[in-house]
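Each chain, written out:
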Amino acid sequence: MSTTVEAMDKAMSVMTSAELASAQHSRETVGDFTAAEPRMVCRNVDVWYGNKQAIKNVSLDIGKNEVVSMIGPSGCGKSTFLRSLNRMNDTIVDCRVTGSIQLDGEEIYDKKLDPVPLRARVGMVFQKPNPFPKSIYENVAYGPRIHGLTNNKAELDELVEASLQKAGLWKEVKERLDQPGTGLSGGQQQRLCIARTIAVSPEVILMDEPCSALDPIATAIVEELIDELRQNYSIAIVTHSMQQAARVSQRTAYFHLGDLIEVGETNHIFTNPQHKLTEDYITGRFG
Amino acid sequence: MHTWTLILLLLAVMALAYHLGMKRAITRVGGLKQINHLHSLPAYYGVYAALWAGIPALLLLGLWLGFQDHFITALVTAQLPPDLVAAQSAGQIDLILNDIKNLATGNIVSATVTPEIQAAATQFARFEELSTQAQWLAVLALALGGASFAWSRTEPQMRARNRVESVFLVIMVIFSSLAILTTLGIVLSVLFESLRFFELVSPLEFFFGTNWSPQIALRADQVGATGAFGAIPLFTGTLMVSLIAMVVAVPIGLMSAIYLSEYASRSVRAIAKPIIEVLAGIPTVVYGFFAALTVAPVIRELGAAVGLEVASESALAAGLVMGVMIIPFISSLADDVINAVPQALRDGSYALGATQSETIRLVVIPAALPGIVGGILLAVSRAIGETMIVVMAAGMAANLTANPLDSVTTVTVQIVTLLTGDQEFDSAKTLAAFALGLTLFVVTLALNVLALSIVRKYREQYE
Amino acid sequence: MNNTPSPPPASDAPRRTIDIVNASLKRRYARERRFRRLGAFAVALGLSFVVLLFTDIVSKGYTAFAQTYIQLPLNLSAEVIDPSGSREPATLAAANYTKLIRDALRQQFPDLTERQALRRLYALVSVGAGDLVREQVLAEPALIGTTPELWVLADDDIDMLVKGNIDRTAAPEDRRVSDETIGWVTQLEQQGRVAKRFNTIFLTHGTSREPELAGIAGALMGSFYTLLLTLLLSFPIGVGAALYLEEFAPKNRWTDLIEVNINNLAAVPSIVFGLLGLAVFIGFFGIPRSTPLVAALVMTIMTLPTIIIASRVALKSVPPSIREAALGVGASALQTQFHHVLPLALPGMLTGAIIGMARALGESAPLLMIGMIAFIVDIPSGFTDSATVLPVQIFLWADSPERAFVERTSAAIIVLLAFLFLMNLAAVLLRRKFERRW
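Rules used in this analysis
Throughout, a residue's number is its position along its own chain's written sequence, starting from 1. Working convention: letters from A go to chains and numbers from 1 go to ligands, in the order in which they are written. Note on the predicted model: pLDDT of at least 70 is required for a residue's local features to be given, and 80 or more for side-chain atom pairs to be given and counted; whole-chain, interface and lining totals, by contrast, use all residues. Note that the side-chain values use all heavy atoms of the structure and ignore hydrogens as well as water. By the criteria applied, helices consist of DSSP H or I runs no shorter than four residues and strands consist of E runs no shorter than two, each listed in order from the N terminus. Radius of gyration means the value over C-alpha atoms here, while the globule rule gives 2.2 Å times the residue count to the 0.38 power. Using a 1.4 Å probe on the protein chains alone, a residue whose accessible area is under 20% of its type maximum counts as buried, one over 50% counts as exposed, and one in between counts as partly exposed. Throughout, a residue-residue contact means that at least one pair of heavy atoms, one from each residue, lies within 4.5 Å. Only four residue types enter the charge count: Lys and Arg as positive, Asp and Glu as negative, with His and the chain ends excluded. A single reference atom marks each charge: NZ on Lys, CZ on Arg, CG on Asp, CD on Glu. In this scheme, a helix's expected span is set at 1.5 Å multiplied by one less than its residue total. Bend angle per residue: angle between axes fitted to the 7 residues ending at that residue and the 7 residues starting there. The term salt bridge refers to a side-chain nitrogen of Lys or Arg lying within 4 Å of a carboxyl oxygen of Asp or Glu. Aromatic pairs are defined between Phe, Tyr and Trp rings, using the six-membered ring for Trp, whenever the two ring centres lie within 6.5 Å; interplanar angles under 30 degrees are classed as stacked, those over 60 as edge-to-face, and all others as tilted. Definition used: whenever NZ (Lys) or CZ (Arg) falls within 6 Å of the ring centre and also within 35 degrees of the ring normal, the charge is taken to sit over that ring. A strand pair is defined by DSSP finding two or more bridges across the two strands. Lines are fitted to the C-alpha atoms to define the axes, a helix being fitted only along its stretch in contact, and any angle between axes, read from their N-to-C directions, falls within 0 to 180 degrees. Here roughly perpendicular refers to angles of 65 to 115 degrees, roughly parallel to angles under 35, roughly antiparallel to angles over 145, and oblique to all remaining angles. By convention, the crossing between two helices is left-handed when the near helix turns anticlockwise from the far helix through less than a right angle, and right-handed when the turn is clockwise. Three classes are used, and their members are as follows: Ala, Val, Leu, Ile, Met, Phe, Trp, Tyr, Cys and Pro are nonpolar, Asp, Glu, Lys and Arg are charged, and the others, Gly among them, are polar. Note that domain bounds follow an automatic or database assignment of domains. The term buried area means the drop in 1.4 Å probe accessible area that two parts suffer when joined, counted for both and summed. Within 3.5 Å is the distance limit for a polar contact, defined as a pair of N or O atoms, with the added protein rule that one can donate a hydrogen and the other accept it, and that residues adjacent in sequence qualify only through two side-chain atoms. Throughout, a disulfide means two cysteine sulfur atoms within 2.5 Å of one another. Patch criteria: residues need more than 30% relative accessible area and no salt bridge. Like-charged residues are merged within 9 Å; nonpolar side chains of Val, Leu, Ile, Met, Phe, Trp and Tyr are merged within 5 Å. A 1.4 Å probe and the Shrake-Rupley method give the accessible areas. Residues count as covered only by the protein chains that appear here.

### Description of the overall build of chain B
Within chain B one finds 16 helices and 2 strands. Against the compact-globule benchmark of 23 Å for 463 residues, chain B has a radius of gyration of 31 Å, which places it well outside the compact range. Overall, chain B is about 85 × 70 × 35 Å in size when its C-alpha atoms are taken along their principal axes. Taken over 463 residues, chain B has a buried fraction of 49%. Of the contacts made within chain B by residues no fewer than 6 positions apart, 74% connect residues no fewer than 24 positions apart.

### Structural notes on the overall build of chain C
The number of helices and strands found in chain C is 18 helices and 3 strands. For the C-alpha atoms alone, the extent of chain C along its principal axes is close to 110 × 75 × 45 Å. A buried classification covers 51% of the 438 residues belonging to chain C. Long-range pairs, those at least 24 residues apart, make up 77% of the contacts in chain C between residues at least 6 apart in sequence. Counting 41 positive and 38 negative side-chain charges, chain C places the averaged centre of each group 14 Å from the other.

### Some details on helix α10 (residues 284–305) of chain B
Residue and element names in this part refer to chain B. Taking 1.5 Å as the rise per residue, α10 with 22 residues should run 32 Å; its terminal C-alpha atoms sit 30 Å apart, in good agreement. At A291, α10 shows its maximal bend, which comes to roughly 40°. Looking one or two residues beyond α10, the residue adopting positive phi is G307, at roughly 85°.

### Thoughts on the pattern of salt bridges
Using the criterion set out here, one finds 39 salt bridges over all chains in the structure. Here R230 of chain A and D227 of chain A are joined by a salt bridge, their closest N and O atoms 3.7 Å apart. Exposure remark for R230 of chain A: the relative accessible area of 23% places this residue in the partly exposed category. The salt bridge involving E407 of chain C is made with R408 of chain C; its shortest N-O contact spans 3.3 Å. Per residue, the accessibility class of E407 of chain C equals that of R408 of chain C, and both read buried. The network of salt bridges with common partners includes R39, D104, E106, R121 and E203 of chain A.

### A word on the packing of aromatic side chains
This model, assessed by the stated rule, comprises 23 aromatic pairs over all chains. Judged by centre distance (5.4 Å) and plane angle (75°), the rings of F197 of chain B and F206 of chain B are edge-to-face. According to the relative accessible area criterion, F197 of chain B is buried, its value standing at 0%. Members of the aromatic cluster, joined through ring pairs, are F197, F198, F206, F207, W212 and F229 of chain B. Against the face of F132 of chain A rests R196 of chain A, its NZ or CZ located 4.2 Å from the ring centre. Here the guanidinium or amino end of R126 of chain B rests over the ring plane of F127 of chain B, the centre of that ring lying 5.7 Å away.

### Concerning helix α8 (residues 232–263) of chain B
When the terminal C-alpha atoms of α8 of chain B are compared, their 45 Å separation across 32 residues agrees well with the 46 Å that a helix rising 1.5 Å per residue should span. Most of α8 of chain B sits out of view: 25 of its 32 residues are buried.

### Here we look at the sheet that holds strand β3 (residues 194–198) of chain C
Residues and elements named next belong to chain C. Ordered by their spatial adjacency, 3 strands build an open sheet running β2-β1-β3, and the pairing between neighbours is antiparallel. Single-partner strands in this sheet number two, and they are β2 (149–153) and β3. With strand direction ignored, the average angle separating the axes of adjacent strands in the sheet is 45°. Here 5 bridges tie strand β1 (residues 66–73) to β2, and the two strands are oriented antiparallel to one another. When the bridges of β2 are listed, Q71 appears paired with W151. Here helix α4 (residues 97–108) sits on the sheet in contact with β1 and β2, set at roughly 75° to β1.

### Re the packing of helix α1 (residues 2–29) of chain B against helix α2 (residues 42–79) of chain B
Residues and elements named next belong to chain B. Direction vectors running N to C along α1 and α2 enclose 155°, while the axes themselves pass 6 Å from each other. Taken together, the axes of α1 and α2 are roughly antiparallel relative to one another. In the packing of α1 onto α2, the handedness of the crossing is right-handed. Of the residues that constitute the contact of α1 with α2, the class distribution is 21 nonpolar, 4 polar and no charged.

### Side note on the domain arrangement of chain C
Residue and element names in this part refer to chain C. Along its sequence, chain C is carved into domain 1 (62–198) and domain 2 (217–434). Computed from C-alpha atoms alone, the centre-to-centre distance between domain 1 and domain 2 is 45 Å. Contacts between the two partners involve 10 residues from domain 1 and, on the opposite side, 8 residues from domain 2. Counting each side, the surface lost to burial between domain 1 and domain 2 is near 770 Å², with a carbon and sulfur contribution of 61%. For K163, the salt bridge is made with E407, and the minimal N-O distance between the two is 3.0 Å.

### A short note on the interface of chain C and chain B
At the interface, 76 residues of chain C touch 81 residues of chain B. Carbon and sulfur atoms supply 79% of the area that chain C and chain B bury against each other, a total of about 6,800 Å² over both sides. The interface formed by chain C and chain B holds 1 salt bridge in total. Measuring nitrogen to oxygen at the nearest pair gives 2.7 Å for the salt bridge that ties R28 of chain C to E358 of chain B. Where chain C packs against chain B, one counts 12 residue pairs in polar contact (both at pLDDT 80 or more). Classifying every residue of the side of chain C that touches chain B by side-chain character gives 56 nonpolar, 14 polar and 6 charged.

### Digging into the pairing of strand β2 (residues 52–63) of chain A
Residues and elements named next belong to chain A. For β2, the tally of buried residues reaches 11 of 12 residues, placing the bulk of the element in the interior. Sheet topology places strand β1 (residues 38–49) next to β2; 8 bridges connect them, and they run antiparallel. Within the sheet, the bridge partner assigned to V47 lies in β2 and is I55. As consecutive antiparallel partners, β1 and β2 are separated by 2 residues, and within that stretch G50 has a phi angle of approximately 60°, a positive value.

### Points about the side chain of S261 of chain B
Its location among the elements puts S261 of chain B in helix α8. Among all residues touching S261 of chain B, those that are not within four sequence positions of it are R269, D335, I338 and N339 of chain B.

### Focus: the domain arrangement of chain B
We note that the domain assignment places domain 1 (2–158) and domain 2 (228–461) within chain B. Computed from C-alpha atoms alone, the centre-to-centre distance between domain 1 of chain B and domain 2 of chain B is 47 Å.

### So, the pairing of strand β9 (residues 251–256) of chain A
Residues and elements named next belong to chain A. The buried count for β9 comes to 6 of 6 residues, which makes it a mostly enclosed element. Burial along β9 is two-sided: the residues R251, A253 and F255 and T252, Y254 and H256 are all buried. Both β9 and strand β10 (residues 259–265) contribute to a ladder of 6 bridges, which runs antiparallel. Looking at the pairing, A253 lines up with V263 of β10. Connecting the antiparallel pair β9 and β10 is a turn made up of 2 residues, with L257 showing a positive phi of about 50°.

### A short note on the state of the cysteines
Residues and elements named next belong to chain A. All chains considered together, the criterion is met by 0 disulfides over all chains. Free of any disulfide, C76 has its nearest cysteine sulfur in C42, 15 Å distant. Left unpaired, C193 is separated from the closest cysteine sulfur, that of C211, by 12 Å.

### A word on the packing of helix α11 (residues 253–265) of chain C against helix α13 (residues 292–316) of chain C
Residues and elements named next belong to chain C. At a minimum axis separation of 9 Å, α11 and α13 run at an interaxial angle of 120°. By the angle between their axes, α11 is oblique relative to α13. In terms of crossing hand, the pair formed by α11 and α13 is left-handed. Contact residues: E259, I262, N263 and L265 in α11; P305, I308, I309 and R312 in α13. The residue makeup of the contact of α11 with α13, split by class, is 5 nonpolar, 1 polar and 2 charged.

### Section: unusual backbone geometry
Residues and elements named next belong to chain A. The phi dihedral of D104 is positive, around 50°, even though this residue is not glycine. As for its placement among the helices and strands, D104 is situated in the loop between β4 (95–103) and β5 (106–107). Even without being glycine, L257 reaches a positive phi, approximately 50°.

### Quick notes on a positive patch on the surface
Where like charges cluster on the molecular surface, the positive patch consists of R361 of chain B together with K26, R27, R31, R33, R34 and R37 of chain C. Top element by residues in the positive patch is helix α1 (residues 12–61) of chain C. It accounts for 6 residues. If you trace the backbone, R33 of chain C turns up in helix α1.

What follows is the structure, given as structure tokens:
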């Protein structure tokens, strides 16, 4: 992992002293952060909010048909990292991302790359369900409509139904597609948001603590859904629940204060953590 | 100016009462050394005495000033020779009384002065003098009486602070109830005069009649005997001017709010937003001047250039300028509601690959719609009630027309016209102004209540 | 290090999506740009209205601050002005100064003898010019017996002509000034007898039917008395009401009713307050109309909601810890408010009051109802003198047909806007100075 040192050298030449002070703490990652069939390849990613560094030199792959979960104590930067994967951080003033993030070999932070089609390929589900104040149907049809994915109403109907089916919501809402999406229960809202994301047929889905606002039953349904979605999509999920990470993901990455401490097969991480910090976290000594 | 002298004197009595009350408290407790045996600080005993001296006297003075005129007028009227009063309408008696008052105060009189009126005027002046003397005596006596009452009650055990505080609390309650009193005053005064108007002119004619010409009597036997009171042309005129204003203000206000809150850089926003809001601080009379002397001629010339006939006081000129006045109103309200739309909704849209304008048009605006509609309703209510611009630029002719290049008149213009000419207080013309005022008040009140409830519901939705 | 990009995925479904997305992207960005440009256009439009309004008013009005005068050698002979030689002010005031000016004018044009022509010649100077010379002589009796070159106030038509507002080349029937008059003025101009001097009359005189004699001093004083009394009434009442509603009021139907009323009153059209003033203050209580007293009462009722709402915001911004601290050391609820909370909230309340006063200063509609549109030449000197206020004066002048009144109206607007600007500036500075972060 010589890249860390190189990055440090590079960093020192261009960073201010304040930035340097926080950059010096970056640690080396334990374990193999590459994937067998990678879709997204991240190398030496730094994320800054103004003078504060939120992500320090993180390298991680997200492979085809796998669920990668990111765990760690709150404020460790896992959500920040996730949001930088489809450039959602662009909406935050003062946020800078350096390093390399590639989707199928394309640099997503390339100046020429347009975030609009990127986000059509890399969808995102948020911590709090955020259905639009529109009908259930219009919520799902929103993405296909703006991108012009369907040619006529029948196709759109079909796509909406298919998406709701995949999200496991069809049976519950098929009778009331014209009612506002905000009237659904929390779990249903979150699945509606997932259906909304699927409707655009993204290649990668990012999920930012998708179950944190849900009750256990709704959580179980969403987790089942995630497992099914793995057949067609690459998924990165941030979670504060280790049990959830263990249940849904194939690989797990442990973040701590902006550093990626350890990454590996999920069952390895939970049964045999290599790093002291990972072990402390998993055994519940802090977090 | 004698009233002001009396008030100053009263203040002096209060100051004296304060001083004596404080001293009395200290003496009664046995000097400064024993001061901690007083229930309250000595100053409170002073304030207690000052309040007793001031409040009853001031109340009496206020009542006296408010009703003195009524009493004297009634007295003088009662003593007028019966042949002068008989066979006169209420309006004419008012005119005579007006003359008497003017004569008594040395002003110019409208009619020739008959000996009866001269006598009544002398009597009026005498009554007034008497009343003033009595008023001085009564007010000062009450002030001194109040002070001495407080003086006699001052004991070390008296809970002076609590009493003073409860008086202050009562005063504050009265102050805050003034809002209700004002509304009540508006409703009662306007309603009362309107009812008298509707005794002369049927509400049916007023609300559904299409002919408005209160100045000219069309036929001798006509209702109200002064003119026609069909208010439909005023309503349509008001609506047309307001509509033109909204057509100008809503798109410009809304789009600039969107641009400034979603697109503009921080520095552009910091400069442009206050400059646009300057428009809200400009007095309406300035807009009226601008409309009448700059915009109207330009429109007329433009119309002439393309072969259209434009009235010199067109609805268009007034509406356009009113629209400019309302722009900052719409933009700052829209800015508020757009900023209240949670970032999570925008994020949800961006995460699906929507562009910024798609997010604004398809997510932010629909989400903010109730708030925006509420803001627009408030703006409409403001446009309907706006007076100076239309008085100066829209004209007096009550045309029932849909042509914005024509001259129209509005409810507010007619209120001003009817009440600023020379006329007696009780004529149908004057009362018509109050009926229009009532209509205006009810409509704007309804719009405001509706708009505020929509906006409040909208705020709760995102809290 | 696995840095090599992976080959595109085999499944063609996602590829299809991104192709569709990319295909329509250009069109979507075009729409984005249109929308954005539309927004920028709206902002530019709003800004240009501000610029247009101000340039229009200023360009029309700045010339009113100068006024045309004609320099004439006035023969202030002692025989005419003060035959007795006593220098009694009463005697001096009684002299016919207009005649002196006319004589001086005739000297300039000795060829004119016909009565009609002379009358037209006399119209070069203002009808009030004699009064102004009288004031000058009274202030400076030493002038008597000399023949000083005095600057005599010109008529408004001459003023407009000199300022270029009347086109000298236009057809004679299209302008208010005849060729003959233009000839006289040109001759005087060539002799250097015509000049524009600072217009003190505008700032020191009351209104007049003659534009050149009309000033805003009366309206300014009327506004001053009205605002002073409004402030004296509305500030204590507003603060008291806010204090009660924010700090003491129990939550019940009565206070709910008060709240609803305050919010609605803030949105009632101002003209309705004029009706209230007419029916209640003038009609019922018999307060003399056209006075600052009745105007201030109406304005107080109008501005109260503004002041109450601003004062409540100011009270809300005082942290509860201050109240708890004061109550904790044994202060009564009222002492807590008056000693600790009010001083901290005062700057915010004052800011609200200034903004309320600025609104009241610009308000005119309700004052039309209560007789403030009477034509009052005298400068008021108290709350119960007949008066008008600056915005109503603007309204009245705007209605006058003389071209010179357009200029004066605009100038009065400039003065009004200057006052409003100063008040708002004061509010902003006050807020900035006392702004506290808790």
